[in-house]
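# Analysis of the macromolecular model
Chain by chain, the residues:
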Amino acid sequence: MDATISAFSPVGAAYTTTSHRGSSTVDTEDTLKAPSTSEGETAKTDNEAAAPTRPDGTPLAPEEIKLIEQLKQTDRNVRQHEMAHQITGGAYTGGATYEYEIGPDGKKYAVAGEVPIDYGPIPGDPQATIEKMQTVIAAALAPADPSPKDVQVAAQARQYLLEARLEASQQESATRSAQSEPEQNEPEAADSEQAA
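As a starting point, this report considers the structure included with it. Model, not experiment: these values are computed from the prediction.

## Some words on the nonpolar core
Ile117, Tyr119, Val136 and Val153 are the most contacted members of the largest nonpolar core, which has 16 residues in total. Listed by contribution, the elements that provide at least two residues to this core are helix 4 (126–140) and helix 5 (148–195). Looking at this core, the element that brings in the most residues is helix 5, giving seven residues. Leu60, Ile68, Tyr109 and Val111 belong to the second largest nonpolar core, which has five residues in total.

Next comes the structure, spelled out in structure tokens:
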């Protein structure tokens, strides 16, 4: 069985982050020839350079900047959530897919995501199923904030785990019974030979 475990961002959470900006190089000769500026002017210039803008280059309003910071934090949280599933689930998980929202700056931010996970039992091999279900449960609950779907996948994997443990116990009992039957028959055979 395949399912997806997913992360959806909380709406309206306020966070702050740093923006991703490329660095620019400055020619040293131009720097030496440039007129000096006061500290206040330098700070103003640095702040203006760091302020996010719309795709057309116009400055964003303070509420739009706050929204971008929230989107950046949500993007990070969603990606960390899905990565936790993938790392813990290993071979039983697939690649993450994301839903995006475009911010006022024109960039895409992940606001939801999911990772496919194979949580079906392994037919005829209860021990392998037990090991797989333990991994699946750990993967589903790996993020710090498992989603309702994550909890649902973990619950189904626990059910398969219990069934596999029962099947393994039954197989073990059958094996012990089969091994003890010849031992019980051997003394009877020995008694028969002595009587003859």
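This is not the end of the story, as more comes after the structure.
## As for the environment of Ser169
In this fold, Ser169 is placed in helix 5. The sequence separation of Ser169 and Gln127 amounts to 42 residues, and the corresponding C-alpha distance is 10.0 Å.

## Comments concerning the pairing of strand 3 (residues 108–118)
Strand direction decides the pairing type here: strand 2 (residues 97–102) and strand 3, joined by six bridges, are antiparallel. The partner of Tyr98 across the bridge, within strand 3, is Gly113. Linkage of strand 2 to strand 3, two consecutive antiparallel strands, is achieved through a turn of five residues, within which Gly106 is found at a positive phi near 85°.

## Topic: the packing of helix 3 (residues 62–89) against helix 4
Viewed as axis vectors pointing N to C, helix 3 and helix 4 meet at an angle of 165°, and their least axial separation amounts to 8 Å. Taken together, the axis directions place helix 3 and helix 4 in an arrangement best described as roughly antiparallel. Crossing hand, helix 3 versus helix 4: right-handed. Facing His85, Thr88 and Gly89 of helix 3, the residues of helix 4 in contact are Thr135, Ala138, Ala139 and Ala140. Residue composition of the contact of helix 3 with helix 4, grouped by class: three nonpolar, four polar and no charged.

## Re helix 4
The end-to-end C-alpha distance of helix 4, which contains 15 residues, comes to 20 Å, matching closely the 21 Å that a straight helix rising 1.5 Å per residue would cover. Burial in helix 4 covers these residues: Pro126, Ala128, Thr129, Ile130, Lys132, Met133, Val136, Ile137, Ala139 and Ala140.

Reading the values: the criteria
In every chain, residue numbers begin from 1 and rise along the written sequence. For a predicted model such as this one, the threshold for reporting local features is a pLDDT of at least 70, and the threshold for listing and counting side-chain atom pairs is 80 or more; totals across whole chains, interfaces and linings nevertheless cover every residue. To obtain the side-chain values, all non-hydrogen atoms of the structure were included, while hydrogens and water were left out. Here, nonpolar core refers to any group of buried Ala, Val, Leu, Ile, Met, Phe, Trp, Tyr and Cys residues whose side-chain atoms link them within 4.5 Å. Using a 1.4 Å probe on the protein chains alone, a residue whose accessible area is under 20% of its type maximum counts as buried, one over 50% counts as exposed, and one in between counts as partly exposed. Numbered from the N terminus, helices here are DSSP runs of H or I no shorter than four residues, and strands are runs of E no shorter than two. Strand pairing is assigned whenever DSSP detects at least two bridges linking the two strands. Angular values range over 0 to 180 degrees, each being the angle between N-to-C directions of two axes fitted as lines to C-alpha atoms, with helices fitted over their stretch in contact. Reported orientations rely on four angle classes, namely roughly parallel under 35 degrees, roughly antiparallel over 145, roughly perpendicular from 65 to 115, and oblique for the rest. Two helices that cross are described as forming a left-handed crossing if the nearer one is turned anticlockwise from the farther one by less than a right angle, and a right-handed crossing if clockwise. Whether two residues are in contact is decided by their heavy atoms: any pair within 4.5 Å suffices. Side-chain classes follow a simple rule in which Ala, Val, Leu, Ile, Met, Phe, Trp, Tyr, Cys and Pro form the nonpolar group, Asp, Glu, Lys and Arg form the charged group, and the remainder, Gly included, forms the polar group. In a helix, the anticipated span is given by 1.5 Å times the number of residues less one.

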